[in-house]
Amino acid sequence: MSHCLQRAGIDHVVLERRNTIVRPNGASINLWPQGLRLMEQLGCFSGTPTVVSPLFRQIIERHGYGFLVIDREKLMRIIYDHLPSQSYVRGGCSVVHIDEDKTGVKVHLEDGSVEVGDIVVGADGVNSVVRRAMWTIANDRSPGTFSEKEQQTLNTTYKCLFGTCTPPARSVSGEMTQTHNDRFSFLTLTQPTRVYFFVFIKLPKARRWPDRPKYNSHDAELEASKYMACRINEKLTFGDLWSNKLWFYLTPLEEGVFKQWHWGRIALVGDSAHKMTPNLAFGANSAMESVAALSNGLNRALKNQSDSTLSREQISMVFQDYQEKRMGRVTKVHDFTGGFTRVSAWDGLLNKFMALWVLPIASHEFVGDKFSRLIRGGVKLDYVPYKESRSGSVHWDDESRENAGGKGKLTSVTLVSVLVVCLGLGALIRWLFWIFMS
Ligand SMILES: Cc1cc2nc3c(=O)[nH]c(=O)nc-3n(C[C@H](O)[C@H](O)[C@H](O)COP(=O)(O)OP(=O)(O)OC[C@H]3O[C@@H](n4cnc5c(N)ncnc54)[C@H](O)[C@@H]3O)c2cc1C
């Protein structure tokens, strides 16, 4: 967010609860082309991704950018080191309370100090204090603004055991594997010196916010012990990875897109507004897009008037426009990744059918089309120059037609969809035949 605001010349302060901005973290993060394009626009990315599965080779051909697998700590370091100025970012600042009125906002920190400003943007994750403060202020002033139902939007149906290990013998660098199973699935991403592994596990009972499970490292070890003999591919078991582990963590996977992301002078971006399962690595990519969309709106509103501040009404309009621009796309991505989580874990008969009968016959081209449809709608900043240095066969939705030149649309998808539906029906008939005959 600071990258975007600094480039728009908007004064701000980033208040981070933790003392160190770039903190040691064993986890990985993966970025899709839309995230990498934004990173490149901000001067934070110029490398070549290393995952080389057929799907990702296709993604590079289509979009010019690939799929980046990187340590979270490394990504944070890159983003932080490339800030035009780091003086806007302050660690050790835990937000505990917010006041909002016609004239501005006051953000109260744990140490008793207060920050004053025109707006607050809550990029503070799934447990957002800003979101809670927004609900409280709004409902105090106008009861029922945020209904009980809206406040319970997030549900937790899955948990994720994830970690990092050194590559066991027989692992292949650059490989990505997905292994589907009954109520759980594996994802592994192998890099030259690390394997990043994920086990997505269905909970016995779904929970609705604010009820959510909490886990410690003992729970994680116990969970891991259930999967030791399970295969993650033809050569390796989960136990092979676990015995090389360097780091692991067990976390609940909340899901949900809130209906209202702003009120008065307060807005939400990222997981505080839209939280999705991480199977397809769209959460942070979506958070980055929301930040870009909100920054575009703020920059446009400020550039369109002589005064350097916006009224509360103008701010509300910018926030509403941002929400409207993002809601459809975020919901689509949320549903797509949530659906994939369920197919991978054979969650119900239809999902099991999809996993066992439809997915295996889906061509790489078909799967590539599905992802391209999401990728090409990515958001970039409309006020920072962007020179397209990597071209792919699919144009971005925000590219002008003239710039798109001879680039193609995803014309193959209808034909392939029809084919898959036909084959799927064939499989369904075979499947029903098998059920009735056995
Ligand atoms: C296992 C797993 C794997 C994932 N892998 C991927 C992936 O490969 N690709 C991808 O795109 N997404 C991935 N995601 C999703 C991604 O991590 C999130 O969508 C993303 O981090 C959301 O960013 P955010 O800034 O909204 O929230 P967070 O990343 O949660 O950041 C919130 C920040 O706010 C700070 N904060 C919180 N409360 C306060 C407070 N009161 N005062 C001050 N500061 C505060 C926190 O310390 C933190 O720094 C994954 C998620 C999980 C669980």
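As annotated in an unreviewed UniProt entry, the protein carries the name FAD/NAD(P)-binding domain-containing protein and is attributed to Mytilinidion resinicola. According to the UniProt record, the Sequence similarities (unreviewed entry) comment for the protein reads "Belongs to the paxM FAD-dependent monooxygenase family."

One pass over the structure, following the stated rule, counts 24 aromatic pairs. Between the aromatic rings of phenylalanine 198 and phenylalanine 200, the centroid separation amounts to 6.0 Å while the plane-to-plane angle is 5 degrees, which identifies the pairing as stacked. Given the relative accessible area of 12%, phenylalanine 198 is considered buried. Assessed through its relative accessible area of 2%, phenylalanine 200 is described here as buried. Taken together through their ring pairs, the aromatic side chains of Phe184, Phe186, Phe197, Tyr227, Phe238, Trp242 and Phe248 make up a single cluster. Taking NZ or CZ as reference, arginine 37 lies 5.9 Å from the ring centre of tyrosine 386, over its face. Above the ring of tryptophan 263, the side-chain terminus of arginine 312 is found at 5.1 Å from the ring centroid.

In this section: the environment of glutamate 175. With respect to the element layout, glutamate 175 can be found in the loop between strand S9 (155-165) and strand S10 (176-180). Take glutamate 175: its relative accessible area is 27%, and that puts it in the partly exposed class. Once the C-alpha coordinates of glutamate 175 and proline 54 are considered, the two residues, 121 residues apart in sequence, prove to be 9.7 Å apart. The contacts of glutamate 175, once residues within four sequence positions are left out, are Thr188, Leu189, Thr190, Asn233 and Lys235.

Moving on to the site of the ligand. Around the ligand sit 26 residues, and of these Glu16, Asn30, Arg72, Asp271 and Ala284 come closest. At 3.0 Å, a backbone N or O of arginine 17 approaches a nitrogen atom of the ligand. Elements with a minimum of two residues in the shell around the ligand: strand S2 (28-31), S9 and helix H9 (283-303). With three residues, the single largest contributor to the shell around the ligand is H9.

With that out of the way, let us pick up the packing of helix H2 (residues 33-41) against H9. At their nearest, the axes of H2 and H9 sit 9 Å apart, and the two run at 45 degrees to each other. With respect to H9, the element H2 is oriented oblique. Here H2 runs over H9; the crossing is left-handed. On H9, the residues touching Gln34, Gly35, Leu38 and Met39 of H2 are Asn285, Met288, Glu289 and Ala292. Classifying every residue of the contact of H2 with H9 by side-chain character gives four nonpolar, three polar and one charged.

Rules behind the numbers
- Residues numbered from 1 in each chain as written.
- Predicted model: local features only at pLDDT ≥ 70, side-chain atom pairs only at ≥ 80, totals over all residues.
- Heavy atoms only, no water.
- UniProt positions renumbered as here; feature names shortened; annotations may be inferred.
- Phe/Tyr/Trp six-rings, centres within 6.5 Å; stacked < 30°, edge-to-face > 60°.
- Buried < 20%, exposed > 50% of the residue type's maximum accessible area, 1.4 Å probe, protein only.
- Lys NZ or Arg CZ within 6 Å of the ring centre and 35° of its normal.
- Helix = DSSP H or I, 4+ residues; strand = E, 2+ residues; numbered from the N terminus.
- Contact = heavy atoms within 4.5 Å.
- Near = heavy atom within 4 Å.
- Polar contact = N/O pair within 3.5 Å; in protein donor to acceptor, adjacent residues only side chain to side chain.
- Axes fitted to C-alpha atoms, helices over the stretch in contact; angles between N-to-C directions.
- Parallel < 35°, antiparallel > 145°, perpendicular 65-115°, else oblique.
- Left-handed = near helix turned anticlockwise from the far one by under 90°.
- Nonpolar A, V, L, I, M, F, W, Y, C, P; charged D, E, K, R; others polar.

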